[in-house]
Amino acid sequence: LSLRFPQKLWKMLESSKFQSIWWTEGGKCVAINKDLFEVEVLGREGQQVFHTQKIKSFMRQLNAYGFTKMQRNLQRSASLPEFLAEEAAASAHSQILYYYNPSFNRAHPWLSETCKRR
């Protein structure tokens with residue numbers, strides 16, 4: 001029995017096997033460490049989770065199921081040293097992708113059944 005894309009994604013998020021993908025605080029968004037995800041999930045030999053090895057194809061799947069990419073809103077400090085430290089942290093965060101779907105919420109697993117391909 002093969003699972004649909006949303007169910008595969010859900011199982012990954014709930015599994016402790018993957019460090020490259022997780023629920024954000026509150027369980028309303030999916031966070032993906034792009035570089036690690038490419039190695040850990042898409043680069044798996046012989047036991048692929050999704051039928052692709054390309055991050056762009058995976059992101060198209062997310063979009064096809066109604067996920068939208070979210071921007072991380074960071075408040076910036078006025079002082080130069082703090083600003084530079086925040087910029088360094090932000091560049092590390094640039095590898096993290098955030099996706100939201102109102103029907104994909106950790107607190108309401110039954111909603112994932114309503115995630116249909118567009």
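Please refer to the structure higher up on the page.
Here we summarise the structure given alongside this text. Note that this is a predicted model, so its numbers are computed, not measured.

Summed over the entire model, instances satisfying the criterion amount to one salt bridge. One salt bridge connects R106 with E14, and the closest N-O pair in it is separated by 3.1 Å. Of this pair, R106 sits in the segment after β4 (96-100) while E14 sits in helix α1 (residues 5-14), and the two are 92 residues apart along the sequence. Classification of E14 by relative accessible area gives partly exposed; the value is 39%.

Turning to the layout of surface pockets, a few remarks are in order. Within this model, the largest pocket holds a volume of roughly 200 Å³. Considering the residues around the largest pocket, the lining is formed by L3, K8, K11, M12, S15, K17, F18, R44 and V49. Looking at side-chain class alone, the lining of the largest pocket contains four nonpolar, one polar and four charged residues.

When you tally the buried positions in α1, you get eight out of ten residues, the bulk of the element. Buried residues of α1: F5, P6, Q7, K8, L9, W10, M12 and L13, and no others. Looking at the packing, one finds that the buried side of α1 touches β1 (21-23), β2 (29-33), α2 (34-42) and α3 (55-64).

Right, let's talk about α2 for a bit. Among all positions of α2, only F37, E40, V41 and L42 are buried. Down the axis of α2, the smallest arc covering the buried residues is 150°, so these residues share one side. On its buried side, α2 packs onto α1, β1, β2 and α3.

To continue, consider the sheet that holds β1. Pairing within the open sheet is antiparallel, and its four strands lie in the order β1-β2-β4-β3. Each of the sheet's edge strands pairs with one partner strand only, and the pair in question is β1 and β3 (68-70). When strand polarity is set aside, the average angle formed by the axes of neighbouring strands in this sheet is 35°. The sheet contact formed by β2 and β4 spans five bridges and is antiparallel. In the strand pairing of β4, I32 is matched with L97. Sheet strands in contact with α1 are β1 and β2, and its direction is about 85° off that of β1. Across the sheet, α3 is in contact with β2 and β4; its angle to β4 comes to roughly 20°.

So, about the side chain of S103. Along the polypeptide, S103 turns up in the segment after β4. Engagement of the side chain of S103 in a polar contact is seen with the side chain of T114, the distance being 3.3 Å. Discounting chain neighbours no more than four positions away, the residues touching S103 are L111, S112, T114 and C115.

We now examine the nonpolar core. By size, the foremost hydrophobic cluster in this structure holds 25 residues, and its most contacted members are L9, I21, I32, F37, F58 and F104. Counting residues per element, the ones that place at least two in this core are α1, β1, β2, α2, α3 and β4. Of the residues forming this core, the biggest block, five residues, is contributed by α1. Setting aside chain neighbours within four positions, we find I32 in contact with S20, I21, F37, F58, L62, Q95, I96, L97 and Y99.

So, how was this worked out
Residues numbered from 1 in each chain as written. Predicted model: local features only at pLDDT ≥ 70, side-chain atom pairs only at ≥ 80, totals over all residues. Heavy atoms only, no water. Salt bridge = Lys/Arg side-chain N within 4 Å of Asp/Glu carboxyl O. Helix = DSSP H or I, 4+ residues; strand = E, 2+ residues; numbered from the N terminus. Buried < 20%, exposed > 50% of the residue type's maximum accessible area, 1.4 Å probe, protein only. 1 Å grid on protein atoms, 1.4 Å probe; cavity = no way out; pocket = protein on both sides within 12 Å on 5 of 7 lines; lining within 4 Å. Points joined across faces, edges and corners; volume = space filled by probe spheres on them. Nonpolar A, V, L, I, M, F, W, Y, C, P; charged D, E, K, R; others polar. Contact = heavy atoms within 4.5 Å. Arc of directions from axis to C-beta. Pairing = 2+ DSSP bridges. Axes fitted to C-alpha atoms, helices over the stretch in contact; angles between N-to-C directions. Polar contact = N/O pair within 3.5 Å; in protein donor to acceptor, adjacent residues only side chain to side chain. Core = buried A, V, L, I, M, F, W, Y, C linked by side-chain atoms within 4.5 Å.

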